[in-house]
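Given next are the chains, with one letter for each unit.
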Amino acid sequence: VNETYVYDGTVKTLLADNIPELCTVSYENNSGMNAGTYKAKARFLLDGASCGTKTAILTIEKAPYIFENLVFEDDTFTYDGTPKSIEVRNLPQGAAVTYINNGKTDAGEYEVTAQIKYSDTNYEGETTLKAVLKIEKATIDMGRVLFENETYVYDGTPKSLAVKNLPSGVTPLYSGKDFTD
């Protein structure tokens, strides 16, 4: 009779039942401990003569892997123009992680999903974790920025003031610019 078990670290064995009287049984490949499929064979002998063989399948399925001590926490960064990511810590060796919505550059708040899969000889499992990646806007150092008074001599052309030493990417918005009189 075919049997299916879930891996638990113990040896599993197939034994024939309903054996005819006076028959003896010898087995081949009828036990296993690790997850897998085993084709077992039972040979029946009566007074040294064969009275038949039977085969059965012993299946040991992988046990569910229980993830423990995984850490996937919210984290906050300050914008600096480079991609920012958060990662799962305490992964078991051999686990595969797929991140969704990670590796962001622009300021904002992003929900990141980590899909974790694990499989080895005897265990398999998967889990999903979520955390928030926050990138805060950078503070611009305005210490070197200059907006100074200017004095001009009238010559009929428009005159204006300009901001100097602006950080790269910053554009000033002026009001009351370009005076002629």
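The following paragraphs examine the structure supplied in this document.

Thresholds applied
- Residues numbered from 1 in each chain as written.
- Predicted model: local features only at pLDDT ≥ 70, side-chain atom pairs only at ≥ 80, totals over all residues.
- Heavy atoms only, no water.
- Phe/Tyr/Trp six-rings, centres within 6.5 Å; stacked < 30°, edge-to-face > 60°.
- Helix = DSSP H or I, 4+ residues; strand = E, 2+ residues; numbered from the N terminus.
- Buried < 20%, exposed > 50% of the residue type's maximum accessible area, 1.4 Å probe, protein only.
- Pairing = 2+ DSSP bridges.
- Axes fitted to C-alpha atoms, helices over the stretch in contact; angles between N-to-C directions.
- Salt bridge = Lys/Arg side-chain N within 4 Å of Asp/Glu carboxyl O.
- Contact = heavy atoms within 4.5 Å.
- Core = buried A, V, L, I, M, F, W, Y, C linked by side-chain atoms within 4.5 Å.

**Considerations on the packing of aromatic side chains**
Here is step 1: Tallying each qualifying case throughout the model produces 5 aromatic pairs.
Here is step 2: Aromatic pair Tyr-7 and Tyr-123: ring centres 5.4 Å apart, planes at 80 degrees, arrangement edge-to-face. Here Tyr-123 lies in strand S11 (residues 123–136) and Tyr-7 lies in the loop between strand S1 (3–6) and strand S2 (12–13), a separation of 116 residues in the sequence.
Here is step 3: Assessed through its relative accessible area of 15%, Tyr-7 is described here as buried.
Here is step 4: Under the relative-accessibility criterion, Tyr-123 is labelled partly exposed at 31%.
Here is step 5: Ring geometry for Tyr-65 and Tyr-123: centres 6.4 Å apart, planes at 80 degrees, overall edge-to-face. Taken together, the residues span a long stretch of sequence, with Tyr-65 in the loop between strand S7 (63–64) and strand S8 (75–78) and Tyr-123 in strand S11 at a distance of 58 residues.
Here is step 6: Through a chain of ring-to-ring contacts, the aromatic side chains of Tyr-7, Tyr-65, Phe-67, Tyr-118 and Tyr-123 assemble into a single cluster.

**As for the sheet that holds strand S3 (residues 23–28)**
Here is step 1: Here 4 strands make up an open sheet; going across it, the order is S1-S6-S5-S3 and the pairing mixed. What marks the edges here is a single partner per strand, and that holds for S1 and S3. Strand-to-strand, the axes of this sheet are offset by a mean angle of 25 degrees, without reference to chain direction.

**Looking at unusual backbone geometry**
Here is step 1: The backbone of Leu-22 sits at a positive phi, close to 70 degrees, despite the residue not being glycine.
Here is step 2: On the accessibility criterion, Leu-22 (72% relative accessible area) is exposed.
Here is step 3: Although it is not a glycine, Asn-69 adopts a positive phi angle of roughly 65 degrees.
Here is step 4: The residue Asn-69 is located in the loop between S7 and S8 in this model.
Here is step 5: Residue Asn-69 is classed as exposed on the basis of its relative accessible area of 62%.

**Considerations on the pattern of salt bridges**
Here is step 1: Here the structure, examined in full by the defined rule, presents 7 salt bridges.
Here is step 2: Here Asp-80 makes a salt bridge to Lys-84, at a shortest N to O gap of 3.0 Å.
Here is step 3: On the basis of relative accessibility, which here comes to 46%, the residue Asp-80 falls in the partly exposed class.
Here is step 4: Lys-130 is the partner of Glu-111 in a salt bridge, and the nearest nitrogen-oxygen pair spans 3.9 Å. Separated by 19 residues along the polypeptide, Glu-111 in strand S10 (residues 108–119) and Lys-130 in strand S11 bring together distant segments of the chain.
Here is step 5: Taking the relative accessible area as the measure of exposure, Glu-111 reaches 49% and is therefore partly exposed.

**Notes on the side chain of Asn-102**
Here is step 1: Its location among the elements puts Asn-102 in the loop between strand S9 (96–100) and S10.
Here is step 2: Apart from the residues lying within four places of it in its own chain, the contact partners of Asn-102 are Lys-84, Ser-85, Ile-86, Val-112 and Leu-133.

**Thoughts on the nonpolar core**
Here is step 1: Formed by Phe-67, Phe-72, Ile-86, Val-88, Tyr-110, Val-112, Ala-114, Ile-116, Tyr-118, Ala-131, Leu-133 and Ile-135, the largest nonpolar core amounts to 12 residues.
Here is step 2: For this core, the elements supplying multiple residues, two or more each, are S10 and S11.
Here is step 3: For this core, the leading source of residues is S10, giving 5 residues.
Here is step 4: Beyond its immediate sequence surroundings of up to four residues, Val-112 is in contact with Phe-72, Ile-86, Tyr-99, Ile-100, Asn-101, Asn-102, Leu-129, Lys-130, Ala-131 and Leu-133.
Here is step 5: Tyr-7, Ala-40, Ala-56 and Ala-63 belong to the second-largest nonpolar core, a separate cluster that totals 8 residues.

**Digging into the pairing of S11**
Here is step 1: With 2 bridges joining them, S7 and S11 adopt parallel strand pairing. Among the inter-strand pairings, Ala-63 is bridged to a residue of S11, identified as Tyr-123.
Here is step 2: As defined by bridge partners, S8 adjoins S11 across 4 bridges and the pair is classed as parallel. Across the sheet, the residue bridging to Phe-77 is Ile-135, located in S11.
Here is step 3: Bridge count between S10 and S11: 12 bridges; the pairing is antiparallel. Each residue of the ladder has a partner; that of Tyr-110, found in S11, is Leu-133.

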